[in-house]
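Now for the letters of each chain:
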Amino acid sequence: MDRRSEPNRSAIYATTLVAFLAIAGIAVVDPILPAIGEAIGVTAWQVELLFTAYIAVMAVGMIPATLASGRFGFKPVLVTGVSVVGLAAILASFSNDIVQLSVLRGVWGLGNAMFFATAMVVLVNLANDREWVVGLFETALGLGFAVGPLIGGLLGEVSWRLPFFVCGVFMVLALGVAARKLREPANKQPPVRVGQIFATYRKPAFVTLCVVTAAYNFVFFVVLGYTPLFLRLDVIPLGLATGWGLGLAAGILLIGHRLAHRIGAVQTVGVALLGLLACMVAFATSTGTAMSLVVLVVAGLFMGLANANLTDLALGLGSADRRVATGAFNLVRWGAAAPAPIISGKLAEHGLALPFWVGFAVLAAGVLVYLAFGHLMAAGYGERVIWNRAARRAEHAPEEPVGEAY
């Protein structure tokens with residue numbers, strides 16, 4: 001589709017820019033985790049509270065944020081979310097202990113919930129080409145995960161407080177963009193009820209997607225939250241190393257949708273899951289930093305394939321009301337991710353490779369669900385999966401006459 005046919009391009013790009021800054025705010029903490037732990041004297045699992053508090057509040061906040069968007073409109077909720085993130089980030093830069101930091105990261109997560117509950121719906125309603133805006137949004141997320149650690153690494157060399165402060169300043173700038181450029185979708189929609197969100201979980205195809213996504217996102221945040229501690233690099237090299245987000249962005253922007261056009265979105269997610277499963281084994285058995293860094297980039301690439309298609313599948317398999325589908329999906333997406341960092345931190349006390357083996361087990365369970373019920377997702381999305389076709393052929397094949405088989 002010709003992008004010139006998109007009448008709301010400036011509003012779409014403004015929303016995408018805010019998404020990029022919001023995700024960079026998640027990832028900016030990555031390379032400074034060891035520095036924070038050393039500066040305020042806490043253990044690995046306590047440092048991981050910075051991720052878990054953030055993601056847990058973000059997950060729980062998805063439902064009230066979705067309800068609020070139905071009552072007050074998308075733009076007020078989104079702008080409020082950006083304001084909360086900016087304030088929490090700046091205050092975090094002045095924190096003196098892990099409790100203050102974790103509380104402020106939780107507030108930060110609430111602000112991001114307001115943003116993520118509304119941003120995708122705003123984009124899809126403003127655009128004529130849904131695939132384009134979903135790809136644009138997920139690419140912004142990938143680049144945010146790539147650039148955030150780089151910013152954190154460079155600024156964290158000066159002080160672990162500086163990345164938080166600069167992130168807050170970025171969000172203040174984003175607030176200016178959001179307040180000026182964002183537009184409310186023209187079609188006014190009725191308020192969302194809590195029952196509508198939970199009714200979405202009655203759809204077998206959507207439930208299958210949620211189970212697979214839960215396993216995947218748990219592993220995503222094992223990699224994102226634990227790898228900085230596992231690599232044991234200085235702040236700047238760690239910021240460069242966690243540029244795995246470049247692989248994530250490449251998987252989303254260059255490969256994810258192209259592969260989906262060839263083999264289908266559902267099967268592309270399958271490729272991503274199997275590739276990431278292999279990466280978890282490679283992490284757990286890594287013999288050195290160089291090998292771990294290579295695995296990190298490859299893992300980012302497979303994660304990009306998944307991220308490029310999971311959101312599209314959620315919109316296609318969930319409720320016809322995109323607010324409901326987005327709210328239900330994000331509740332699972334972020335809720336499953338929340339315990340991953342803190343569990344990784346506790347497991348690391350018993351063995352550095354243990355978090356990756358547990359991640360492998362969780363993802364393997366997700367792969368089994370995918371293989372057993374992936375055909376439901378495919379059917380609901382208008383696709384087929386090769387193993388289901390093979391099963392049907394075997395089921396309907398004529399039986400061989402007794403005595404003629406050798």
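Look up: the structure comes first, before these words.
Quick summary incoming for the structure in this document.

About the criteria used
Residue numbering note: each chain is counted from 1, following its sequence as written. It should be noted that, the model being predicted, local features are given only for residues of pLDDT at least 70 and side-chain atom pairs only at 80 or more, the latter also being counted only at that level, while totals for whole chains, interfaces and linings use all residues. Only hydrogens and water are removed before side-chain values are computed, so all heavy atoms of the structure are retained for them. Classification of ring pairs rests on two measures: the distance between centres of Phe, Tyr or Trp rings, Trp counted by its six-membered ring, which must be within 6.5 Å, and the angle between planes, read as stacked under 30 degrees, edge-to-face over 60 and tilted in between. Burial classes: relative accessible area under 20% of the type maximum marks a residue as buried, over 50% as exposed, and values in between as partly exposed (1.4 Å probe, protein chains only). For this analysis, a nonpolar core means a set of buried residues of the types Ala, Val, Leu, Ile, Met, Phe, Trp, Tyr and Cys, connected via side-chain atoms within 4.5 Å. Numbering of helices and strands runs from the N terminus; a helix is a DSSP stretch of H or I covering at least four residues, while a strand is a stretch of E covering at least two. Two residues qualify as a contact provided that any one of their heavy atoms is within 4.5 Å of a heavy atom in the partner residue. Within this analysis, the arc is defined by the directions that extend from the helix axis to the C-beta atoms.

### What to know about the packing of aromatic side chains
Counted under the stated rule, the structure contains 11 aromatic pairs. Aromatic pair Trp160 and Phe164: ring centres 6.1 Å apart, planes at 90°, arrangement edge-to-face. Residue classification places Trp160 among the buried positions, given a relative accessible area of 9%. Exposure remark for Phe164: the relative accessible area of 1% places this residue in the buried category.

### Description of the nonpolar core
Counting residues in each nonpolar core, the largest one holds 127 residues, and the members touching the most others are Phe115, Phe137, Phe164, Leu209, Phe220 and Phe221. In terms of residue count, the dominant contributor to this core is helix 10 (residues 204–231) (17 residues). Apart from residues no more than four positions distant in its own chain, Phe164 is found in contact with Val29, Ile32, Ile36, Ala89, Ile90, Ala92, Ser93, Leu101, Arg105 and Trp108.

### Some words on helix 16 (residues 339–348)
Listed in full, the buried residues belonging to helix 16 are Ala340, Pro341, Ser344, Gly345, Leu347 and Ala348. The arc that holds every buried residue of helix 16, seen down its axis, measures 165°, which confines them to one face.

### Section: the environment of Val57
Mapped onto the fold, Val57 is located in helix 4 (residues 49–72). For Val57, a relative accessible area of 31% corresponds to the partly exposed category. Residues Val57 and Val103, spaced 46 residues apart in sequence, show a C-alpha to C-alpha distance of 9.9 Å. Not counting residues within four places of it along the chain, the set of residues in contact with Val57 comprises Gly106, Gly109 and Leu110.

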